[in-house]
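What the coordinates show
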Amino acid sequence: MAESNFEKALYDALAPEYEMAMQDVANEHEFSPEFEKKMKKLIKRRNKPYYRIINTAGKRTACVAVIVLVASSVMIINVEALRNAFSDFFVSIYEKFSTVQPIEDDTAPTTLEEIYEITYNINDFEIIDNEENEYSRNIVYFKDGTVIYFLQETKQMYNHDVNTEDAEILTIDINGHEAIYFIDNNDYCNIIWDNGDYIISLGSNIGENTLIQIAKSVQKVE
């Protein structure tokens, strides 16, 4: 009996303190921009296809050893072919798709501080989808079976798989920037480039020459 009374008294004494602690935990906490940026990078790194291979120090050491061994035994391989690297992107090429990532750039904006749009005359196209947030703008234009996909995204968030099955990946110049260019197996032309601050991507069945003109028309909205 005495023990039960003691337990009740202890509960009555501590319950208010526990309730206050739980309320403090429940209150929404606002993290600093630096913390948010680090978390986004960690999440992005974890989503990489190679994350499970390098997620421990031991695995990273083993990977380095393998890379050194392979590199030393196949030095006749072209460096660009080995790295699959363009000037502004790393492209991991697989059988049916490729993963495109920008070269890391800590000076680039982490949110869409400026907006870029197509200035080529597509006024007769209808916008059938428009998704926007602080990191990206994804707009789909449509007219009589012709589709234009437009994407503006921050470099930190851009990490996309693209349909490159049986496609030859080339580079072209878009306003002084090296752009990735390929035609996918749906006969859509695709252009991806780093304009210095953001990644711009276009995909369409409108035709190669017209899409290049559209890409060159993309400008910052004043």
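First, a word on what this report is: a plain description of the structure on this page. The model shown is predicted, which means the values in this text are computed figures rather than measured ones.

Now for unusual backbone geometry. Residues other than glycine predominantly adopt negative phi, and peptide bonds predominantly adopt the trans conformation. Positive phi, normally seen in glycine, also occurs at D144, with a value near 50°. Relative to the helices and strands, D144 resides in the loop between strand 5 (136-143) and strand 6 (146-154). A residue is classified by how much of its surface remains accessible, and D144, at 69% relative accessible area, is exposed. For D187, which is not a glycine, the phi torsion comes out positive at approximately 65°. With respect to the helices, strands and loops of the structure, D187 is situated in the loop between strand 9 (177-183) and strand 10 (189-194).

Bringing the side chain of S217 into the picture now. Assignment of secondary structure puts S217 in helix 6 (residues 208-217). Reaching out from S217, the side chain makes a polar contact with the backbone oxygen of I214 at a distance of 2.7 Å. Contacts of S217, omitting those with residues within four sequence positions, involve E117, I118, T119 and Y120.

Reading across the sheet, the 7 strands line up as 4-5-6-11-10-9-8 and stay open at both edges, with antiparallel pairing between neighbours. Of all the strands in the sheet, just strand 4 (126-132) and strand 8 (170-174) have a single pairing partner and so form its edges. Along the sheet, successive strands turn relative to each other by an average axial angle of 20°, direction set aside. Sheet analysis places strand 4 next to strand 5, joined by 6 bridges and oriented antiparallel.

Rules used in this analysis
- Residues numbered from 1 in each chain as written.
- Predicted model: local features only at pLDDT ≥ 70, side-chain atom pairs only at ≥ 80, totals over all residues.
- Heavy atoms only, no water.
- Helix = DSSP H or I, 4+ residues; strand = E, 2+ residues; numbered from the N terminus.
- Buried < 20%, exposed > 50% of the residue type's maximum accessible area, 1.4 Å probe, protein only.
- Polar contact = N/O pair within 3.5 Å; in protein donor to acceptor, adjacent residues only side chain to side chain.
- Contact = heavy atoms within 4.5 Å.
- Pairing = 2+ DSSP bridges.
- Axes fitted to C-alpha atoms, helices over the stretch in contact; angles between N-to-C directions.

None of the figures reported here should be taken as evidence of function without further support.
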